[in-house]
Amino acid sequence: VKPTLLVLAAGMGSRYGSLKQMDGVGPNGEAIIDYSVYDAIRAGFGKVVFVIRHSFAQEFQEVFNAERFGHKIAVEYVFQELDYLPDGFTLPAERVKPWGTNHAVMMGKEVINEPFAVLNCDDFYDRDAFQVMAKFLTSLPEGSKGKYAMVGFRVDNTLSESGTVSRGICEMDPETHLLTGVVERTKIERHNGIVEYLDEDGTWVGIPDTAPTSMNFWGFTPDYFQYSEDFFKVFLSDPKNQTNLKSEFFIPLMVDTLIKEGKATCEVLDTTSKWFGVTYPEDRPETVAKLAALHEAGQYPDQMF
């Protein structure tokens, strides 16, 4: 069975200031999504599922559909909305922020029954990242449960010159390459040559340039959906998350919980890929230049589909 690619595209790009999923940054007007789908097809993925919102669904579906991708991959859409909550829970009246990346993943349950990868729509992950993930997912024995993976990037290859970034900072067993913990750090940037994150107490803490980092490129088996539904109820029941209208249900939180409870393992997959993306409008010119160079080098053809 070919694995599926679940693309998180419900964010409206609050910092970027537009529907950045659809921004033509390639030399022929390609969006970053186009590169992810192209690399996924080449790596052996059989279906792409986009997590979007009803507010821009028509606009999105008119652009990103099976025809755009030359009918080389099946395309489906699922929706993430604020009020998509488990029975017994209601949306806080003042809540406007989405529930986070793992809530978005949960939306794929009805259309995904095979091993799948999850990634962001606005990040360029590069070909090798797709190949190592596809190799992991396709080599899983049929019916596997609790065998997950994450593509690990070096933190210094994932920063933006334009401001702070959010990253899952990882710890792993050097022998087994299994993740032992991952914490979402929402403010990371380089100060005086040192990569630092802002901790809960408002203190900047230094980390090595080579710290393995999650760029939100994960591999799961379908049992992950049930674990997520169960734990989302725990998350929503926490008084702290009820009062904090910006609390988010992140993928690293879910994975970290399952690892610590002994319910799953997560292998950190090494990659030669270098990440880049458009977190801020100021990042766009550099992204345009890097993509043009990849086309120039022959990694991507002018007509991808």
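In this text the structure is predicted, and so the values were computed from the model without any measurement.

Glancing now at the overall build of the protein. Looking only at helices and strands, one finds 8 helices and 13 strands in the protein. Taking 305 residues into account, the globule formula puts the C-alpha radius of gyration at 19 Å, and the protein, at 19 Å, falls close to it. Seen through its C-alpha atoms, the protein measures out along the principal axes to roughly 50 × 45 × 45 Å. Out of the 305 residues in the protein, the part that is buried amounts to 52%. Long-range contacts, defined as pairs at least 24 residues apart, comprise 74% of the intrachain contacts of the protein with a sequence gap of at least 6. With an accessible surface of roughly 14,000 Å², the protein has 49% of that area assigned to carbon and sulfur atoms. With 28 positive and 45 negative side-chain charges, the protein shows a spacing of 1 Å between the two charge centroids.

Viewed as axis vectors pointing N to C, helix α5 (residues 223-237) and helix α7 (residues 251-260) meet at an angle of 100 degrees, and their least axial separation amounts to 11 Å. Put simply, α5 runs roughly perpendicular to α7. Touching Tyr 224, Tyr 227, Ser 228, Phe 231 and Phe 235 of α5 are Ile 251, Leu 253, Met 254, Val 255, Thr 257 and Leu 258, all from α7.

The tally for this structure, following the rule as stated, stands at 27 aromatic pairs. Their ring planes at 20 degrees and their centres at 4.4 Å tell us that Phe 124 and Phe 276 sit as a pair that is stacked. Of this pair, Phe 124 sits in strand β5 (residues 123-124) while Phe 276 is found in strand β13 (residues 276-277), placing the two residues 152 residues apart along the sequence. Judged by relative accessible area, which is 9%, Phe 276 ranks as buried.

On to the pattern of salt bridges. Across all of its chains, the model carries 13 salt bridges by this definition. Among the ionic pairs, Glu 248 bridges to Lys 97, the shortest N-O distance being 3.5 Å. Of the two residues, Glu 248 is situated in the loop between α6 (239-243) and α7 and Lys 97 in the loop between β3 (74-79) and α3 (101-106); the sequence distance between them amounts to 151 residues. Its salt-bridge partner being Arg 154, residue Asp 156 comes within 3.2 Å of it at the nearest N-O pair. Connected through shared salt-bridge partners, Lys 47, Glu 76 and Glu 114 make up one network.

What follows covers the environment of Thr 158. On the secondary structure map, Thr 158 appears in the loop between β6 (147-154) and β7 (165-172). For the pair Thr 158 and Ala 117, spaced 41 residues apart in sequence, the C-alpha separation works out to 20 Å. Those residues in contact with Thr 158 that lie beyond four places of it in its chain are Phe 153, Val 165, Arg 167, Thr 213, Met 215 and Trp 275. At 2.8 Å, the side chain of Thr 158 forms a polar contact with the backbone oxygen of Val 155.

What follows deals with the pairing of β3. Relative to β3, strand β2 (residues 47-52) runs parallel, the two being bridged by 6 bridges. Paired with Val 49 across the bridge in β3 is Glu 76. In this fold, the crossover linking β2 to β3 by way of helix α2 (residues 57-63) has right-handed handedness.

Basis of the calculations
Residues numbered from 1 in each chain as written. Predicted model: local features only at pLDDT ≥ 70, side-chain atom pairs only at ≥ 80, totals over all residues. Heavy atoms only, no water. Helix = DSSP H or I, 4+ residues; strand = E, 2+ residues; numbered from the N terminus. Rg over C-alpha atoms; globule rule 2.2 N^0.38 Å. Buried < 20%, exposed > 50% of the residue type's maximum accessible area, 1.4 Å probe, protein only. Contact = heavy atoms within 4.5 Å. Areas by Shrake-Rupley, 256 points an atom, 1.4 Å probe, with all protein chains shown as cover. Lys, Arg positive; Asp, Glu negative; His and termini not counted. Charge placed at Lys NZ, Arg CZ, Asp CG, Glu CD. Axes fitted to C-alpha atoms, helices over the stretch in contact; angles between N-to-C directions. Parallel < 35°, antiparallel > 145°, perpendicular 65-115°, else oblique. Phe/Tyr/Trp six-rings, centres within 6.5 Å; stacked < 30°, edge-to-face > 60°. Salt bridge = Lys/Arg side-chain N within 4 Å of Asp/Glu carboxyl O. Polar contact = N/O pair within 3.5 Å; in protein donor to acceptor, adjacent residues only side chain to side chain. Pairing = 2+ DSSP bridges. Right-handed = clockwise from strand over helix to strand, strands pointing away.

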